[in-house]
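# Architecture and fold: a report
In case you want the letters, here they are:
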Amino acid sequence: MRRTFNFNAGPAALPQPVLEKASKNWLNFDGTGMGIMELSHRSKEYELVHEGAKARLRRLLAISDDYEILFLQGGASLQFSMVPMNLLGEDEVGCYILTGAWSEKALKEAEKIGRTSILSSGKALGYQTIPHIEQPNLPSDAAYVHLTSNNTIYGTQWSSYPSDISVPLIADMSSDILSKPIDVNKFGLIYAGAQKNLGPSGVTVVMIHKQLLEKAPSSLPTMLNYQTHANSQSLYNTPPTLSIYLLYLVLEWVEEIGGVDVMAKHNQQKANILYSVIDESSGFFNGHATVESRSLMNVTFTLPSEEYTKQFLQEAKSRGFVGLSGHRSIGGCRASIYNAVPQDDVVQLAQFMKEFQLQYS
Ligand SMILES: *Cc1c(COP(=O)(O)O)cnc(C)c1O
């Protein structure tokens, strides 16, 4: 069986070796005679997976002991609420940098919890570009600065982060975590839903500086308090064991490939292949993002008209390319080329784009 060319935005492609290993262990994990999702989350066998996933992530991103790694549920979307619930004090302001639809959603949830301020917004310019913010002008009562590292829908990505910020920097890294090295120490908290770069849906990874764990008001519901999950190694209640097992295998795969430096090199090469086709198409393909803000994860582009777009998507589908329509909010096309998308699939797509242009322009 030939696997589909999968350019889905999320849930997205998983590494084939990960799927093969998971299916080999499906009925009998580690000699237990049970599948991983049939084991108790308090069992020795599961504990090795749970703690192993944390240890691998810690190694891959060089996360120091100053940070807790949490496995939560509710997706990145629940983090839009948990961040202000835990970290926005009553007399403080949560500061947001808006670079797309996900940052808007994060802000909207914070507005329900407390006071907020927009430091910068690219909305008027169609979220085509990432702002240059070195030392943002913060209100004196700022609690934190929140940003979205990669804008999955618009196809823009921060290439370097604001430094010299006097309050914790918080990042939604759902769609580019583990795609390149990051300096975790720059951040107070990082969160990411797993279903783009880390594994299947169902688990959300949070890395939080231990100092921030103290801040939550004691009135917070237990499950919504980071401290609860930190105190219980993310085993306060039943975790999504199958998702965490697949995360564990994805992390193993990244380690075997050579880590995030190698991953970053591959991702740069894959993105270059598609952006070159766009740049050399004399405007037939039009990239949504400005060149300096281009995402290496989500390549967004339009064709000369809606009819061309429809035709392109239809022919792409018949050739086995899946997931290429842009998000329903902006239309056009989007190729999501996360870690697990093989370079050869990207080469095939580039070839198809060139052929399509030849045929129709
Ligand atoms: C997909 C995505 C989300 C939403 O994630 P859920 O896990 O579905 O809540 C949030 N932020 C970004 C940047 C995303 O790409």
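Residues numbered from 1 in each chain as written. Predicted model: local features only at pLDDT ≥ 70, side-chain atom pairs only at ≥ 80, totals over all residues. Heavy atoms only, no water.

## Brief notes about the nonpolar core
Membership of the largest hydrophobic core comes to 56 residues, with the highest contact counts inside it found for Leu-57, Leu-61, Ile-177, Leu-178 and Met-207. Counting residues per element, this core draws most heavily on helix α6 (residues 241-257), which supplies ten residues. Other than its neighbours up to four places away in sequence, Leu-178 contacts Leu-57, Leu-60, Leu-61, Leu-198, Leu-251, Val-254, Val-260, Met-263 and Asn-339. (Core = buried A, V, L, I, M, F, W, Y, C linked by side-chain atoms within 4.5 Å. Buried < 20%, exposed > 50% of the residue type's maximum accessible area, 1.4 Å probe, protein only. Helix = DSSP H or I, 4+ residues; strand = E, 2+ residues; numbered from the N terminus. Contact = heavy atoms within 4.5 Å.)

## Let's talk about the pairing of strand β12 (residues 298-302)
Across the five residues of β12, four count as buried, placing the element largely inside the fold. With two bridges connecting them, strand β11 (residues 286-287) and β12 associate as antiparallel partners. Bridge pairing in β12 links Asn-286 to Thr-302. In terms of strand pairing, β12 meets strand β14 (residues 333-336) through four bridges, oriented antiparallel. Residue Val-299 lies in a different strand from β14, and its bridge partner there is Ala-335. (Pairing = 2+ DSSP bridges.)

## Thoughts on the packing of aromatic side chains
A complete count under the given rule lists 22 aromatic pairs for this structure. Ring centres of Phe-284 and Tyr-308 lie 5.6 Å apart, and the angle between their planes is 75 degrees; on these two criteria the pair is classed as edge-to-face. Remark: Tyr-308 occurs in helix α8 (residues 306-318) and Phe-284 occurs in the loop between α7 (260-279) and β11; sequence separation between them is 24 residues. Overall, Tyr-308 belongs to the partly exposed group, its relative accessible area being 26%. Through a chain of ring-to-ring contacts, three or more aromatic side chains come together here, namely Phe-5, Phe-7, Phe-284, Phe-285, Phe-301, Tyr-308, Phe-312, Phe-321, Phe-352, Phe-356 and Tyr-360. The lysine or arginine in question, Arg-56, covers the ring of Tyr-248, its NZ or CZ lying 4.2 Å from the ring centre. (Phe/Tyr/Trp six-rings, centres within 6.5 Å; stacked < 30°, edge-to-face > 60°. Lys NZ or Arg CZ within 6 Å of the ring centre and 35° of its normal.)

## Overview of the domain arrangement of the protein chain
For the protein chain, the assigned domains are domain 1 (16-257) and domain 2 (259-360). Put simply, the middle of domain 1 and the middle of domain 2, counted by C-alpha atoms, are 27 Å apart. The interface is formed by 28 residues belonging to domain 1 together with 27 residues belonging to domain 2. Between domain 1 and domain 2, the buried area comes to about 2,100 Å², and carbon and sulfur atoms account for 55% of it. Looking only at domain 1, the three residues that lose the most surface to domain 2 are Gln-128, Ile-153 and Ile-257, adding up to 24% of its buried area. The tally of links from domain 1 across to domain 2 stands at zero salt bridges. Applying the counting rule to domain 1 against domain 2 returns 18 residue pairs in polar contact (both at pLDDT 80 or more). Counting residues per element, the ones that place at least two in the side of domain 1 that touches domain 2 are β6 (150-151), β7 (156-157) and α6. (Domains from an automatic or database assignment. Buried area = accessible area lost by both parts, 1.4 Å probe. Salt bridge = Lys/Arg side-chain N within 4 Å of Asp/Glu carboxyl O. Polar contact = N/O pair within 3.5 Å; in protein donor to acceptor, adjacent residues only side chain to side chain.)

## Section: helix α4 (residues 101-113)
Taking 1.5 Å of rise per residue, 13 residues should cover 18 Å, and α4 covers 19 Å from first to last C-alpha, within 8% of that figure. Taken together, the buried positions of α4 are occupied by Ser-103, Ala-106, Leu-107 and Ala-110. Each buried residue of α4 lies within a common arc of 100 degrees when the element is viewed along its axis, so the set occupies one face. Exposed residues lying more than 90 degrees from the buried face of α4 are Lys-108 and Lys-112. Structurally, α4 contributes buried residues whose contacts are with α3 (75-87), β3 (93-98), β4 (115-121), β5 (142-148), β6 and β9 (189-193). (Expected span 1.5 Å × (residues − 1). Arc of directions from axis to C-beta.)

## Structural notes on the sheet that holds strand β8 (residues 169-172)
Ordered in space as β2-β10-β9-β8-β5-β3-β4, the seven strands form an open sheet in which the pairing is mixed. Since the sheet does not close on itself, it has two edges, and those belong to β2 (67-72) and β4, each with one partner. Along the sheet, successive strands turn relative to each other by an average axial angle of 20 degrees, direction set aside. Where β5 meets β8, four bridges bridge the pair, whose relative direction is parallel. Among the inter-strand pairings, Leu-147 is bridged to a residue of β8, identified as Ala-171. Seen against the sheet, α4 touches β3, β4, β5, β8 and β9 and runs at an angle of roughly 165 degrees to β3. (Axes fitted to C-alpha atoms, helices over the stretch in contact; angles between N-to-C directions.)

## Observations regarding empty space enclosed by the protein
By the definition in use, this model includes two cavities of 30 Å³ or more. Taken together, Ala-13, Leu-14, Pro-15, Lys-196, Asn-197, Leu-198, Gly-199, Val-250, Trp-253, Tyr-338, Asn-339 and Ala-340 make up the full set of residues lining the largest cavity. Counted by class, the lining of the largest cavity contains eight nonpolar, three polar and one charged residues. In terms of domain composition, the lining of the largest cavity takes at least three residues from each of domain 1 (16-257) and domain 2 (259-360). In this model, the second largest cavity occupies a volume close to 30 Å³. In terms of lining residues, the second largest cavity is bounded by Ala-22, Asn-25, Trp-26, Ile-36, Leu-242 and Tyr-245. (1 Å grid on protein atoms, 1.4 Å probe; cavity = no way out; pocket = protein on both sides within 12 Å on 5 of 7 lines; lining within 4 Å. Points joined across faces, edges and corners; volume = space filled by probe spheres on them. Nonpolar A, V, L, I, M, F, W, Y, C, P; charged D, E, K, R; others polar.)

## A look at the layout of surface pockets
Of the volumes computed, that of the largest pocket is approximately 420 Å³. Every residue lining the largest pocket is counted, 22 residues in all, and those nearest its centre are Leu-14, Ala-340, Val-341, Pro-342 and Asp-345. Elements represented by at least two residues in the lining of the largest pocket include exactly β1 (5-6), α1 (16-24), α6, α7 and α9 (343-360). Broken down by element, the lining of the largest pocket gets its largest block of residues, three residues, from α7. Inspection of the lining of the largest pocket shows a minimum of three residues originating in each of domain 1 (16-257) and domain 2 (259-360). Size it by volume and the second largest pocket reaches roughly 260 Å³. If you go around the second largest pocket, you meet 14 residues; those closest to its centre are Trp-102, Ile-153, His-327, Arg-328 and Arg-334. Per-element tally for the lining of the second largest pocket: the top contributor is α4, with four residues. Considered class by class, the residues forming the lining of the second largest pocket number four nonpolar, five polar and five charged.

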